[in-house]
Amino acid sequence: MEIQQSWRVRLSFKNATIFLTILNVITALFLLHGFLSSASSRNSRLSSNQFNSVQLSYIKESEEIRLAMRPWALIKRVREIEQEAYAEPETEQQKDTKQTAAVGLSKSLKSFRSINDASSLKALEEWRSRKMERARLRAMSFPKRVL
């Protein structure tokens, strides 16, 4: 009988709570130690990976080359065409000038055939045909205004 009562005293709720609290504190200390050690090792890695002036100049030069290779004129012209698509309905003369401009743009892009591959030319032709089709549908959907 006395042996069973001694076990009850040892395994009370108070003792179990104290045991779990100590276990949680130990776990928290281990986690805190892990976070602090990983932060210090990360800082040491960052300081060892600092760029020197040669690497910085190389990065700047490559960024300038990348920006210089972008087709700014083509991007600007595409934006202009997109803005014109949402403008008010046009007259026949404006449509002719736009169509000649589109044909001129297409011809100038075809002159870069040595740079462009066949897939990009095909995509350009598909884009141009879709754009012309949208313009034709838009012209048909708006009634002609009498001036």
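Cut-offs and rules
Residues numbered from 1 in each chain as written. Predicted model: local features only at pLDDT ≥ 70, side-chain atom pairs only at ≥ 80, totals over all residues. Heavy atoms only, no water. pLDDT = per-residue confidence, 0-100. Helix = DSSP H or I, 4+ residues; strand = E, 2+ residues; numbered from the N terminus. UniProt positions renumbered as here; feature names shortened; annotations may be inferred. Buried < 20%, exposed > 50% of the residue type's maximum accessible area, 1.4 Å probe, protein only. Lys, Arg positive; Asp, Glu negative; His and termini not counted. Salt bridge = Lys/Arg side-chain N within 4 Å of Asp/Glu carboxyl O. Contact = heavy atoms within 4.5 Å.

A few words now on the confidence of the model for the chain. Considering every residue of the chain, the mean pLDDT works out to 78; 72% of them sit at 70 or more. Per-element mean pLDDT across the chain ranges from 58 in helix α1 (residues 2-10) up to 88 in helix α3 (residues 53-68).

Bringing the UniProt feature "transmembrane region" (unreviewed entry) in the chain into the picture now. Those residues carrying the UniProt feature "transmembrane region" (unreviewed entry) are residues 16-36 in this numbering. This span, residues 16-36, is 100% helix and 0% strand, and a straight line between its end C-alpha atoms measures 30 Å.

Next up on the list: the side chain of lysine 131. Tracing the backbone through its elements, the reader meets lysine 131 in helix α6 (residues 118-141). One buried charged residue, lysine 131, forms no salt bridge at all, with the nearest opposite charge on glutamate 82 at 5.1 Å. Apart from the residues within four sequence positions on either side, lysine 131 is in contact with Ile81, Glu82 and Ala85.

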